[in-house]
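Fold and geometry: a report
Residues per chain, in single letters:
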Amino acid sequence: MTLIVVLLAAGFAAVVGLVLLRLYDQRVDRVTWQWLARRQAETPQPFDPGMIADLPEPARRYLGYAILPGAPLWTVAEIDMTGTFALGDQATPKEQPMKARQILALPYGFIWAMQAGPIGGSDGFGAKGSWTRFRLFGVLPVARSGGSEDHLRSAFARLVAEAVFWTPAAVLPGPGIHWESAGPDTARLTVTQGKLCQSVDLTLAADGRPLSMVMPRWSNANPEKRWQIQSFGAVFGDHRPVGGFRLPFDVQAGNLFGTADWFAFFKARVSAIRFAK
C-alpha cells in the first residue's frame, strides 16, 4: 500500500509540474507578445518613394511594389494563418492541419503560436532570448529547446526572413539594414542587430512581386542534428493589398531550398494580417 501511495504521489507531482510549466510558458508568451506589440509606433510616418531612391534597383523594385506611396509605415504585424505543418520528412511528410497566429516586430522579436493535430506550442524570440516549446495534447513536452547562442542565431534568421515579406516597412533603409543587388532580379537584404547578422535573397518578378526567398540559415534540421549553415527558403503566392502594403497570403517554406531535398514542411494560408497599434 505504501508503494502505491508513493507512486500515486509521484505521478500527481509530475502532472502538477507539467501543468505549472505550461502555465509559466503561456505567461512568457503573453508578456512577450504584449511587449512586441508595444514596439509599434503610435503615429508612423507615411511612405515616400524618395526613402528608397538610393537603393540598388532590385531593392527599389521590391519595396516600391510592397509599400504603396503614402502608406503608414507600420513595422509590427499580427498574422492569422491556417494550412499544414509536416511532422515527418520528405519521404513520409505526416502533414497535420495547422492553425497559428504570429506577431512580427523586427528587430525585436516574434512569436509563432501553433496547433497542428495533437501538437501545440510556440516558437519565439524576444528580449530574454529564443525558444521552441511544443507539447502533445497540451501537456507532454515533445520539443523544448532554446537558451543557447545556436538557437538564438537560428531564430533571428527566421525573424529576418519573415519580416522582409510580411512587414516590409521594417526593412526600409536605416540602422542595421543593408540592401544590395545579388542579380538582375534578386534583392539581398542583410540585417544586423548587435552580434546577430542575417542575409536573405528575394527573387522578384518584373513588377517587384516577390516570388521566392532563400537564406543561409544556422540550423540543426538535418539527420545528424548538427548545427551548420544550410539553405532555407520559401515560395510566395496570392499577393493582396493590406493597409497600404502588398503582401503574400500563400507561403510554403522548408529546408534545403534550391536542392532536390527541399521539403516544404510549412504550408500557410494567411487569413488575416493586422498591424498592431
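Coordinates for the structure precede this section.
Residues numbered from 1 in each chain as written. Predicted model: local features only at pLDDT ≥ 70, side-chain atom pairs only at ≥ 80, totals over all residues. Heavy atoms only, no water.

What follows deals with the overall build of the protein. Check the secondary structure of the protein and you find three helices and 13 strands. In terms of C-alpha radius of gyration, the protein reaches 20 Å, essentially the compact-globule figure of 19 Å for 277 residues. Dimensions of the protein, computed from the C-alpha atoms along their principal axes, are close to 80 × 45 × 35 Å. By the burial criterion, 46% of the 277 residues in the protein qualify as buried. Expressed as a percentage of contacts within the protein between residues at least 6 apart in sequence, the contacts between residues at least 24 apart total 52%. (Helix = DSSP H or I, 4+ residues; strand = E, 2+ residues; numbered from the N terminus. Rg over C-alpha atoms; globule rule 2.2 N^0.38 Å. Buried < 20%, exposed > 50% of the residue type's maximum accessible area, 1.4 Å probe, protein only. Contact = heavy atoms within 4.5 Å.)

For the rest of this paragraph, the subject is the pairing of strand β5 (residues 129-136). Among the eight residues that make up β5, seven are buried, leaving the element largely enclosed by the rest of the structure. Of the pairings in the sheet, the one linking strand β4 (residues 119-126) to β5 comprises eight bridges and is antiparallel in character. Across the sheet, the residue bridging to G126 is G129, located in β5. Linking β4 back to β5 in an antiparallel pair, the connection comprises two residues. Note that β5 and strand β6 (residues 140-146) share six bridges and pair antiparallel. Paired with W131 across the two strands is G146, which belongs to β6. Taken together, β5 and the strand that follows it, β6, pair antiparallel across an intervening segment of three residues, in which F137 is found at a positive phi of about 55°. (Pairing = 2+ DSSP bridges.)

Here T167 lies in the loop between α3 (149-166) and β7 (177-183). We classify T167 as buried; its relative accessible area is 1%. Once residues within four sequence positions are removed from consideration, T167 is found in contact with T75, V76, A77, L104 and E162.

Before going further, it helps to spend a moment on unusual backbone geometry. That bond from L106 to P107 is cis: its omega, 5°, falls within 30 degrees of zero. As for its position among the elements, P107 is in the loop between β2 (95-105) and β3 (109-116). Unlike most non-glycine residues, K94 shows phi in positive territory, near 55°. Assignment of secondary structure puts K94 in the loop between β1 (77-86) and β2. Residue K94 is classed as exposed on the basis of its relative accessible area, which comes to 54%.

Turning our eyes to something else, we now look at the packing of aromatic side chains. What the rule picks out here adds up to 12 aromatic pairs. With centroids separated by 6.1 Å and ring planes inclined at 40°, the aromatic side chains of F125 and F156 adopt a geometry described as tilted. Taken as a pair, F125 in strand β4 and F156 in helix α3 lie far apart in primary sequence, 31 residues in all. According to the relative accessible area criterion, F125 is buried, its value standing at 5%. Ring geometry for F165 against F236: centres 4.6 Å apart, planes inclined by 45°, an arrangement best described as tilted. Of this pair, F165 sits in helix α3 while F236 sits in strand β11 (residues 228-242); the two residues are 71 residues apart in sequence, bridging distant segments of the chain. For the residue pair F165 and F236, the accessibility class agrees, reading buried in each case. One aromatic cluster is present, built from ring pairs that chain together F85, W112, F134, F232, F265 and F266. (Phe/Tyr/Trp six-rings, centres within 6.5 Å; stacked < 30°, edge-to-face > 60°.)

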